[in-house]
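So you can see what is in the structure, the chains are spelled out below.
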Amino acid sequence: MGIELTYLGHAGFLLDDGRNAVAIDPFLTDNPVAKHKPSEIRCRAIVLTHGHADHFGDTVAIAKANGATVYAAFEITAYLEEQGVSKLEPGNPGGKISADWGWVAFTQAFHSSSYNGRYMGMPTGVVAHLGGVTVYHCGDTTLFSDMKLIGEIYSPDVALIPIGDRFTMGPELATRAAEFIKPKVAVPIHYRTWPLLVQDASGFKPKGVEVKVLEPGETWAYR
Ligand code: NI
Ligand code: MN
């Protein structure tokens, strides 16, 4: 059991257990650090944390090219239906959705969520489980003490934690977040993409949690 995690840059990931692949927040076009093109992504499912363009990204093109199912907030799936995406699994915080490859659960996040001015529902974090590995993508959020509870409930192996500051936690609060969640490994995300964001992960130093820094385009095997 195990998965490969490919960092697509910014907050995007491709999780692959060797049989099925799941993309999270696949923002590639207009992403200055992305190494992949949308046409290179092969996946069964796409999971979105919220509707902002730096997360929604190339969802429509990738979903159509792969016949992939999209798991996202109800308002996002309603928009995707209008865009001609047919396989949709709407959710909201607290909900857990089973799939033949594993499951997805939505958690809360303190942020906003819109796309081209349209309200896209609650922003969320997502927990995805496949290949026997549980990954908690915090989404865009500040620190909140219930991250401790999310860590207890889902026992994530890997947590993907925003550290870029301004629109999310910065390194100091993200360090506290990792110490609340207590994953086996924490990966810093949502930084360095643009000059407005924190440019390196040196300030992200949670006690008792291994930190794995991934380069955009890099694949890391977690077993
Ligand atoms: Ni956002
Ligand atoms: Mn963002």
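Here, the structure is the one placed above.
Residues numbered from 1 in each chain as written. Chains lettered and ligands numbered in written order. Predicted model: local features only at pLDDT ≥ 70, side-chain atom pairs only at ≥ 80, totals over all residues. Heavy atoms only, no water.

Right, let's get into the overall build of the protein. The secondary structure content of the protein amounts to five helices and 16 strands. Once the C-alpha set of the protein is aligned to its principal axes, its extents read approximately 45 × 40 × 30 Å. Scored against the burial criterion, the 223 residues of the protein give a buried share of 56%. A separation threshold of at least 6 residues defines the contact pool for the protein, and within that pool the share at least 24 residues apart is 58%. As displayed, the protein has an accessible area near 9,400 Å², and 49% of this comes from carbon and sulfur atoms. (Helix = DSSP H or I, 4+ residues; strand = E, 2+ residues; numbered from the N terminus. Buried < 20%, exposed > 50% of the residue type's maximum accessible area, 1.4 Å probe, protein only. Contact = heavy atoms within 4.5 Å. Areas by Shrake-Rupley, 256 points an atom, 1.4 Å probe, with all protein chains shown as cover.)

For a metal bound by four donors in a tetrahedral arrangement, the ideal donor-metal-donor angle is 109.5 degrees, while six donors in an octahedral arrangement ideally sit at 90 or 180 degrees. Taken together, His50 (NE2), His52 (ND1), His111 (NE2) and Asp140 (OD) make up the protein donors of the nickel ion (ligand 1), found 2.2 to 2.3 Å from the metal. Along the chain, the residues that donate to the nickel ion (ligand 1) are spaced as H-x1-H-x58-H-x28-D. (Donors = N, O, S within 2.8 Å, 3.2 Å for Na, K, Ca; no water.)

Another point: the nonpolar core. Counting 28 residues, the largest nonpolar core has Leu5, Phe13 and Leu15 as the members making the most contacts within it. Beyond its immediate sequence surroundings of up to four residues, Phe13 is in contact with Leu5, Thr6, Tyr7, Leu8, Val22, Ala23, Ile24, His137, Leu160, Val187, Ile189 and Leu214. Of all hydrophobic cores here, the second largest spans 23 residues; its members include Ala21, Cys43, Ile62 and Ala68. (Core = buried A, V, L, I, M, F, W, Y, C linked by side-chain atoms within 4.5 Å.)

Attention shifts here to helix α3 (residues 74–82). When α3 is considered as a whole, its buried residues turn out to be Ile76, Thr77, Tyr79 and Leu80. Projected onto a plane normal to the axis of α3, the buried residues spread over an arc of 155 degrees and lie on a single side. Relative to its buried face, α3 has exposed residues pointing more than 90 degrees away, namely Glu81 and Glu82. Of the surrounding secondary structure, the elements contacted by the buried residues of α3 are α1 (53–56), α2 (59–66), β5 (69–73), β6 (88–91), β9 (114–115) and β10 (118–119). Immediately downstream of α3, the backbone of Gly84 shows phi near 90 degrees, a positive value. (Arc of directions from axis to C-beta.)

A few words on α2. The complete set of buried residues in α2 reads Thr59, Val60, Ile62 and Ala63. Positive backbone phi, approximately 60 degrees, marks Gly67, located one or two places after α2.

Another aspect to go through is the coordination of the manganese ion (ligand 2). Around the manganese ion (ligand 2), the protein supplies Asp54 (OD), His55 (NE2), Asp140 (OD) and His190 (NE2) as donor atoms, at distances of 2.1 to 2.2 Å. Taken in chain order, the donor set of the manganese ion (ligand 2) reads D-H-x84-D-x49-H. Between the manganese ion (ligand 2) and the nickel ion (ligand 1), the interatomic distance is 3.2 Å, and Asp140 donates to each metal, bridging them. With Asp140 in the loop between β12 (133–137) and α4 (147–154) and His190 in the loop between β14 (185–189) and β15 (210–211), the pair connects residues that are 50 residues apart, well separated along the chain. No difference in accessibility class separates Asp140 from His190, as the two residues are buried.

Another point: the sheet that holds β5. One open sheet holds the seven strands; their spatial order is β6-β5-β4-β3-β2-β1-β16, and the pairing between them is mixed. Each edge of the open sheet is held by one strand with a lone partner, namely β6 and β16 (219–222). The average undirected angle you get between the axes of adjacent strands in this sheet is 20 degrees. Sheet analysis places strand β2 (residues 12–16) next to strand β3 (residues 21–24), joined by four bridges and oriented antiparallel. (Pairing = 2+ DSSP bridges. Axes fitted to C-alpha atoms, helices over the stretch in contact; angles between N-to-C directions.)

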